[in-house]
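A closer look at the structure
Listed below, chain by chain, are the residues.
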Amino acid sequence: MELLIVMAIIAILMLIAIPTMGNMKRYADELSAQQSIRAINMAESQYESTYPANGYACSLQSLGGDPKSGPPSPTNAQMVQSDLAGGVKSGYQFAIGNCTKINNNGTDRITGYTVTATPLTVGQTGNRSFCSDQFGSIKYDPTGGTNCSQDVSK
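Since we're looking at a predicted model, the values are computed, not measured.

In this section: the packing of aromatic side chains. Scanning the model with the defined rule gives three aromatic pairs in all. Residues Y92 and F130 carry aromatic rings whose centres are separated by 6.1 Å and whose planes lie at 40° to one another, so their mutual orientation is tilted. Pair noted here: Y92 is in strand β2 (residues 92-104) and F130 is in strand β4 (residues 129-133), with a separation of 38 residues, a long-range link. On the basis of relative accessible area, Y92 is assigned to the buried category, the value being 0%. Looking at F130, the relative accessible area reads 0%, which means it is buried.

Here it is in structure tokens:
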């Protein structure tokens, strides 16, 4: 009888702990996504300083690259980690888009970009999506879409 009571208590504790662990994992993934967006913004700033004729990078692949493949270049800048340059990290899909450019003496220079982080599965890997641009403020969409309108800092 005592064994049944102990097993019932353990089952109740597990029922309480399992949803809490899922929430903690989603929260950790969201924090990771925000930090990854900050890392991308810092890499974009560094890229723009290193390759001023190009402006910003318009792809994560340009910001990434393998150091073993040779020195950094505009298409292999080696400024972000390979998992982030691949576009998927900690349950989020990352992308750079909405690039604005100007043509300067026959060369396109990227003057603006938007970086997005959307959960791979809304509700499981994250509840919110995150967006930023060349100005660095991070906003989020509480539904997990790409309509980022709310400030993260609030």
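What follows picks up the thread again.
In this section: the nonpolar core. Judged by nonpolar contacts, the single largest core of 26 residues is most densely connected at I40, L63, F94 and F130. Secondary-structure elements contributing two or more residues to this core are α1 (2-50), α2 (60-63), α3 (82-85), β2 and β3 (107-119).

Another point: unusual backbone geometry. Even without glycine at this site, Q78 takes up a positive phi of about 60°. With respect to the secondary-structure elements, Q78 resides in the loop between α2 and α3. The backbone of S90 shows a phi angle near 50°, a positive value even though the residue is not glycine. With respect to the secondary-structure elements, S90 resides in the loop between β1 (88-89) and β2.

Attention now goes to the sheet that holds strand β5 (residues 139-141). The six strands are arranged β1-β2-β3-β4-β5-β6 in an open sheet whose pairing can be described as antiparallel. Edge positions in the open sheet fall to β1 and β6 (150-151), since each of these has one partner strand only. In the sheet, β3 pairs with β4 via four bridges, with the strands oriented antiparallel. Following the sheet pairing, V115 is matched in β4 by S132.

Right, let's talk about the state of the cysteines for a bit. What the rule picks out here adds up to two disulfides. Across a sulfur-sulfur distance of 1.8 Å, C58 and C99 are joined as a disulfide pair. Given an S-S torsion of about 110°, the disulfide between C58 and C99 has right-handed geometry. Of this pair, C58 sits in the loop between α1 and α2 while C99 sits in strand β2, and the two are 41 residues apart along the sequence. Classification of C58 by relative accessible area gives partly exposed; the value is 34%.

Following the sequence through the fold, D29 ends up in helix α1. Classification of D29 as buried rests on a relative accessible area of 5%. With sequence-adjacent residues up to four places away left out, D29 is seen in contact with S90, Y92 and T125.

Right, let's talk about the pattern of salt bridges for a bit. Two side chains of opposite charge can pair, provided their charged atoms sit close to one another. Applying the stated criterion across every chain, the model contains five salt bridges. Where R109 meets E48, a salt bridge forms, and the shortest distance between an N and an O atom there is 2.7 Å. Of this pair, R109 sits in strand β3 while E48 is found in helix α1, placing the two residues 61 residues apart along the sequence. One salt bridge connects D151 with K139, and the closest N-O pair in it is separated by 3.8 Å. Note that D151 is positioned in strand β6 and K139 in strand β5, a separation of twelve residues in sequence. Given a relative accessible area of 25%, D151 falls into the partly exposed group.

About the thresholds
- Residues numbered from 1 in each chain as written.
- Predicted model: local features only at pLDDT ≥ 70, side-chain atom pairs only at ≥ 80, totals over all residues.
- Heavy atoms only, no water.
- Phe/Tyr/Trp six-rings, centres within 6.5 Å; stacked < 30°, edge-to-face > 60°.
- Helix = DSSP H or I, 4+ residues; strand = E, 2+ residues; numbered from the N terminus.
- Buried < 20%, exposed > 50% of the residue type's maximum accessible area, 1.4 Å probe, protein only.
- Core = buried A, V, L, I, M, F, W, Y, C linked by side-chain atoms within 4.5 Å.
- Pairing = 2+ DSSP bridges.
- Disulfide = S-S within 2.5 Å.
- Contact = heavy atoms within 4.5 Å.
- Salt bridge = Lys/Arg side-chain N within 4 Å of Asp/Glu carboxyl O.

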